[in-house]
Amino acid sequence: MPTSATNQMGMEIAQVQNSLSHLFFTFSISFLFFSIIVLFLRSRPWCNCHICKTYLSFSWRSEFSNFSDWYTHLLKKSATGTVHIHVLGTTITANPANVQHMLKTRFENYPKGKQFSSILGDFLGHGIFNSDGDMWRFQRKMASLELGSVSVRSYAFKIVSTEINDRLIPFLRSISGRSNSGTVDIQDLFRRFALDTICKISFGLDPGCLDLDLPMSDFANAFDTASRLSALRATTTAPIVWKLKRFLNVGSEKELKHAIKIIDGLAQAVIRQRRKIGFSTGHDLLSRFMGAVQEQVDDKFLRDIVVSFLLAGRDTVASGLTTFFLLLSQNPAVAAAIREEIETNKKDGVLCPGQLNNMHYVHAALYENLRLYPPVQFDSKFSAKDDVLPDGTFIRKGTRVMYHPYAMGRMESIWGEDCMEFKPERWLRDGVFTPESLFKYTVFQAGPRVCIGKELSIMEMKTVIVAIMLRFNIDVLMSKEKPQFALGLTASIKGGVQARILHQS
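- For the protein chain, the name recorded in an unreviewed UniProt entry is Cytochrome P450, with Rhynchospora pubera as its organism.

What follows is the structure in structure tokens.
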């Protein structure tokens, strides 16, 4: 065949190939665009009802400083204590009967769900807070065995006491010794304290001894960023938006990816150091997990466990302590009653678990604080099948169903007309702390998913409270202002909480 004819045929074939490639590319882009439109329409990102228009326009901000306060307002107005946010495909409830139905009676119908796992998966992976089924049961069983043991609780108490005596108290003393009385951001202080203690309790490691490329403050900031941006995903009316941003690696999703990369570096350093030291004789939780699973899992699984422990131990404890001292600044009579109980029970300035257990008023004040300011203000499940809640609300399969501890703590139908008052006495019967049903006091969840670290966190917070109040007055400067909460998986106050540290006279 002549050369010119061969070249001509080759050019024609190339043109056909280019045309087919262009056609395929055009089809792919068109299909992607069509898919996005369909998903967007299916998500129903608009609704003409008053609640949805208020949500979409952010007009609730004209009356409420916090998103959760607006939800509380809606739930109080509802005859059933249940409302619908149609544009989110979400049903929200503050009805204890509904909560019991979700968390216990029909537990299997209300898992975290694939939708929830998708929202938090990049941050929390398949950790205990973001998993269902066998994965959740395995982690739950392991953590329950360890956290329920007397040896682990004793080990944890020694760590908390040591951190208080060697670091927290000396730091507060140095602040209080400054001229004109020093001030400090107690939210940041308690976060750093909680991070140190959870690393030692859960991983058997001092954060300062890890082989890290960045300072611990960068890891703390990354954790806050990941929490904020993961929560932001849940507020969008069209999930396809954040998924597309993640695919294109732009905007908030690019920032989230960077934050998670930093968090992964911390988790890897923890795992690496724990392996280097050895885990066969370790008392910490990570060592016990590693010893139980041996080589059956990869580091990704251990990474998810590390991040879950950090979320549970750092953010929730710090949040609870911060709002506790905020409320004490607003209620001096409660502070005086706490000091009186401490003076009655202390022994040579040394604290032991037995003494803490006898401080019923301290316990009641802490529970009352968590009622008004729960560290986790809401929790979501997704309905696996069609269902009807006890109040008659129909729940369609795939609906996000949220119960709201923050709102529940402010419901007159649950706590009476004085529900907005800080009254530790509501928890006491003849001077003895008496708990309420976990289905009305949902701070620690309830049912099969009830918080297994509850006793550990209560012990840590009580120990810190008593140790500080023995020696100092913490005068919160913003005590007369209503706290504004930042977006996140756990409650944190925007701008921090400045406080004056004074020696106890």
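Having seen it, we continue.
Describing the sheet that holds strand β3 (residues 183–185)
Piece 1. Taken in spatial order, the 3 strands make up an open sheet running β3-β13-β10, and their pairing is antiparallel. Both edges of this open sheet fall to β3 and β10 (472–476), since each of them pairs with a single strand only. Averaged over all adjacent pairs, the angle separating strand axes in this sheet is 35°, with direction ignored.
Piece 2. Where β10 lies against strand β13 (residues 498–503), 5 bridges are found, and the strand directions are antiparallel. Looking at β13, one finds that Asp475 is bridged to Arg500.

Observations regarding the packing of helix α14 (residues 332–345) against helix α16 (residues 360–372)
Piece 1. Here α14 crosses α16 at 145°, and the two axes come no closer than 8 Å. Together, Val334, Ala337, Ile338, Glu341 and Ile342 of α14 and His360, Tyr361, Val362 and Ala365 of α16 make up the contact between the two elements.

Here we look at the sheet that holds strand β2 (residues 90–93)
Piece 1. Read from one edge to the other, the open sheet built from 4 strands follows the order β1-β2-β7-β4, with strand pairing classed as mixed. Unpaired on one side and paired on the other, β1 (82–85) and β4 (379–382) mark the two borders of the sheet. Each neighbouring strand pair of the sheet contributes to a mean axis angle of 25°, computed without reference to strand direction.
Piece 2. As judged from the 4 bridges shared by β2 and strand β7 (residues 400–403), these two strands associate in the parallel manner. When the bridges of β7 are listed, Ile92 appears paired with Met402.

Some details on the environment of Asn473
Piece 1. Examined against the element boundaries, Asn473 turns out to sit in strand β10.
Piece 2. Looking at Asn473, the relative accessible area reads 25%, which means it is partly exposed.
Piece 3. Taking C-alpha positions, Asn473 is 6.1 Å from Ile501, a pair spaced 28 residues apart along the chain.
Piece 4. Setting aside residues up to four positions removed in sequence, Asn473 forms contacts with Arg339, Arg500, Ile501, Leu502, His503 and Gln504.
Piece 5. A distance of 3.5 Å separates a polar atom in the side chain of Asn473 from a polar atom in the side chain of Gln504.

Some words on the UniProt feature "binding site: heme" (unreviewed entry) in the protein chain
Piece 1. If you check UniProt for "binding site: heme" (unreviewed entry), the listed places come out as Cys451 in our numbering.
Piece 2. Along the chain, the position of Cys451 falls in the loop between β9 (432–433) and α19 (454–471).
Piece 3. Owing to a relative accessible area of 34%, Cys451 belongs among the partly exposed residues under this scheme.

Observations regarding the packing of aromatic side chains
Piece 1. All told, the structure shown has 24 aromatic pairs when counted by the stated rule.
Piece 2. Their ring planes at 45° and their centres at 5.6 Å tell us that Trp415 and Trp427 sit as a pair that is tilted. Taken together, the residues span a long stretch of sequence, with Trp415 in helix α18 (residues 412–415) and Trp427 in the loop between α18 and β8 (428–429) at a distance of 12 residues. The same class applies to Trp415 as to Trp427, namely buried.
Piece 3. Three or more aromatic residues joined by ring pairs make a cluster, and in this case those are Tyr367, Trp415, Trp427, Phe433, Tyr441 and Phe444.

Focus: the nonpolar core
Piece 1. Ranked by size, the top nonpolar core spans 144 residues in total, and within it Phe325 and Ile338 carry the most contacts.
Piece 2. A per-element tally of this core places helix α13 (residues 299–330) first, with 16 residues.
Piece 3. If near-sequence neighbours (up to four positions away) are discounted, Ile338 is found in contact with Phe324, Leu328, Tyr361, Val362, Ala365 and Met469.

Things to note about unusual backbone geometry
Piece 1. Positive phi, close to 55°, is recorded for Asp430, a residue that is not glycine.
Piece 2. For Asp430, a relative accessible area of 84% translates into the label exposed.
Piece 3. You will see that Gln445, though not glycine, has its phi angle at about 60°, which is positive.
Piece 4. Looking at the element boundaries, Gln445 is found in the loop between β9 and α19.
Piece 5. The buried category is assigned to Gln445, whose relative accessible area is 18%.

Re the packing of helix α7 (residues 150–176) against helix α8 (residues 186–203)
Piece 1. α8 packs onto α7 with a crossing angle of 145° between their chain directions and a minimal axis gap of 10 Å. Read as a crossing pair, α7 and α8 show a hand that is right-handed. Between α7 and α8, the residues in contact are Tyr155, Ala156, Ile159, Val160, Glu163, Ile164, Arg167, Leu168, Phe171 and Leu172 and Leu189, Arg192, Phe193, Asp196, Thr197, Lys200 and Ile201, respectively.
Piece 2. In terms of residue class, the contact of α7 with α8 is built from 11 nonpolar, 1 polar and 5 charged.

Cut-offs applied
Residues numbered from 1 in each chain as written. Predicted model: local features only at pLDDT ≥ 70, side-chain atom pairs only at ≥ 80, totals over all residues. Heavy atoms only, no water. Pairing = 2+ DSSP bridges. Helix = DSSP H or I, 4+ residues; strand = E, 2+ residues; numbered from the N terminus. Axes fitted to C-alpha atoms, helices over the stretch in contact; angles between N-to-C directions. Contact = heavy atoms within 4.5 Å. Buried < 20%, exposed > 50% of the residue type's maximum accessible area, 1.4 Å probe, protein only. Polar contact = N/O pair within 3.5 Å; in protein donor to acceptor, adjacent residues only side chain to side chain. UniProt positions renumbered as here; feature names shortened; annotations may be inferred. Phe/Tyr/Trp six-rings, centres within 6.5 Å; stacked < 30°, edge-to-face > 60°. Core = buried A, V, L, I, M, F, W, Y, C linked by side-chain atoms within 4.5 Å. Left-handed = near helix turned anticlockwise from the far one by under 90°. Nonpolar A, V, L, I, M, F, W, Y, C, P; charged D, E, K, R; others polar.

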